[in-house]
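Coordinate inspection notes
Spelled out, the chains give:
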Amino acid sequence: MLRTTTSQRFKIGLIPRNISSRRFLASRPDFYDLTSDTATEVTDDMFDIMRSASRKDDVFGNDPSVNELEHHVAKLFGHEASLFCASGTMSNQLGLRSLLTQPPHSVLCDAQSHINLYECGGLAYHSQASVTAVASTNGVYLTAEDVDTNRVLEDVHNASTKVIALENTLNGTIMPMKEMQNIHSLARKNDIKLHLDGARIWNASQATGISLEEYGQLFDTVSVCVSKGIGAPIGSLLVGSNDLVKKARHLRKLMGGGWRQAGLLAKIAQHCIGTVIPTMPETHRLTKKLASGLEQLGIRILLPVDTNMVFIETTPMDMKELANALKERNILISSDDSSVTRLVLHHQIDENAVDKIVQVASDLIKTKGYIFPRSSSKTSNVDVSKAYPSIQH
């Protein structure tokens, strides 16, 4: 999957002849930003690539750069079509609305999932759907037993489960393929549709060696983000059948999501798919190195470190204290009044940044004399919602 050489990527047009992949990936911002993998910064080289894009009108479906991206991503996931959208929230909501028909109906999802916590109640607004938010029994991912126990059955009093929505990765953790297959079998047996919030499915694929197509074949719709770990400035795609994507395209216009000259965004997205995805194993290695270094200092790691996220708990050290110390070294992390945060790595975070974080944390702990309590479990159903950056208006 995507094991192309630099010369091959030149040949198929993913890298313009005057931009080397080494130069492209070497461009780094002044600050190391670990608040999210959406925090990757657009470089001058990326603007050079965008200048080579087509400039037609995507609302009428005649922009070559957008059409090429949509065809390419659909093929990667083994589906017929895809739709380029402005955000992961939009592609999730379009996918779910396209799978649902007439209320009363409900969607079953993980209680920690993006569609449950971070999409403004979009399922209720756009689809008139109830949400069955299930807390996983293992504290990490839903199992087929979790789903079967909590799905809403057909009854005159109920809004029965019509869609099961999974998320992979979720909080940086990978959902095992076997569990996804079991849930797929359960859904098909009960005539329930399946949606995947695969915003970071690229990370899961690179970490496991499971192809995007293998993941894609388990779901009716897949939402994939290009503005997170892939590093493109804007966009997500909804993948599905021709008929479903046609319906979603109409709904995108209804929601005000039709965009005109989107070719420049599609061009850089496709470039990043070809150049940044192959760097993810190195990002995952650095993430594990960071987690190990912090854990050796006594900082608690809250969730398994499978891909590019480290969730930490620093009691008795205040997170703002650590964040301020790191900011002095040009490193940004999320912080508030709690002692929980997440550190998110991406292709613009290098080994130097990881070493700096561990060193700064070590110096702070020694200077203040902090002693961390021992913890017997990393996944004791901790509330990691406080780890996410919030925007106060």
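Details of the structure are given in the entry above.
Residue positions are given per chain, counted from 1 along the sequence in the order it is written. Where totals are concerned, whole chains, interfaces and linings use all residues; where local detail is concerned, this predicted model gives features only for residues with pLDDT of at least 70, and gives and counts side-chain atom pairs only at 80 or more. Note: side-chain values were computed over all heavy atoms of the structure, leaving out hydrogens and water.

1. Topic: the sheet that holds strand 2 (residues 81-85)
Going by this rule: Two strands are counted as paired when DSSP detects at least two bridges linking them. Under the DSSP-based scheme used, a helix requires at least four consecutive residues in state H or I and a strand at least two consecutive residues in state E, with every element numbered from the N terminus. Every angle, taken between N-to-C directions, lies between 0 and 180 degrees, and every axis is a line fitted to C-alpha atoms, over only the stretch in contact when it is a helix. Whether two residues are in contact is decided by their heavy atoms, any of which lying within 4.5 Å being enough.
One open sheet accounts for seven strands, arranged 2-8-7-6-5-3-4; its pairing is mixed. At either margin of the open sheet sits one strand with a lone partner, and together these are strand 2 and strand 4 (130-134). Within the sheet, the average angular offset between the axes of one strand and its neighbour, ignoring direction, is 20 degrees. Pairing between strand 7 (residues 221-225) and strand 8 (residues 236-240): four bridges, direction antiparallel. The partner of Val 222 across the bridge, within strand 8, is Val 239. On the sheet, helix 4 (residues 64-76) packs against strand 2, strand 7 and strand 8 and is oriented at approximately 125 degrees with respect to strand 2.

2. Points about helix 15 (residues 319-327)
Put simply, the rule reads: Any residue under 20% of the maximum accessible area for its type is buried, any over 50% is exposed, and the rest in between are partly exposed; the area is computed with a 1.4 Å probe on protein chains only. Starting at the helix axis, one direction is taken to each C-beta atom, and the arc is that of these directions. Polar contacts, as counted here, are pairs of nitrogen or oxygen atoms within 3.5 Å of one another; within protein the pair requires one atom able to donate a hydrogen and one able to accept it, and residues that are adjacent in sequence qualify only if both atoms are side-chain atoms.
Taken residue by residue, helix 15 has Met 319, Leu 322, Ala 323, Ala 325 and Leu 326 as its buried positions. Looking straight down helix 15, one finds its buried side chains confined to an arc of 165 degrees; they lie on one side. Considering only its buried residues, helix 15 is in contact with strand 10 (309-313), strand 11 (331-332), strand 12 (340-344) and helix 16 (351-368). Among the residues of helix 15, the N-terminal cap falls to Asp 318, whose side-chain oxygen and the backbone nitrogen of Lys 320 are separated by 2.8 Å.

3. With respect to the nonpolar core
The test is simple: Among buried residues, the Ala, Val, Leu, Ile, Met, Phe, Trp, Tyr and Cys ones that are joined through side-chain atoms within 4.5 Å form a nonpolar core.
Judged by nonpolar contacts, the single largest core of 52 residues is most densely connected at Phe 77, Phe 84, Ile 164, Trp 202, Val 226 and Ile 273. In terms of residue count, the dominant contributor to this core is helix 13 (residues 263-275) (six residues).

4. Description of the sheet that holds strand 10
Strand order in the open sheet made by the three strands is 9-10-12, with antiparallel pairing throughout. Every interior strand has two partners, whereas the edge strands, strand 9 (300-301) and strand 12, have only one. Where strand 10 lies against strand 12, five bridges are found, and the strand directions are antiparallel. Bridge pairing links Glu 313 to Val 340 in strand 12. Contacts between helix 14 (residues 280-296) and the sheet are confined to strand 9, strand 10 and strand 12, with strand 10 contributing the most and set at about 15 degrees to the helix.

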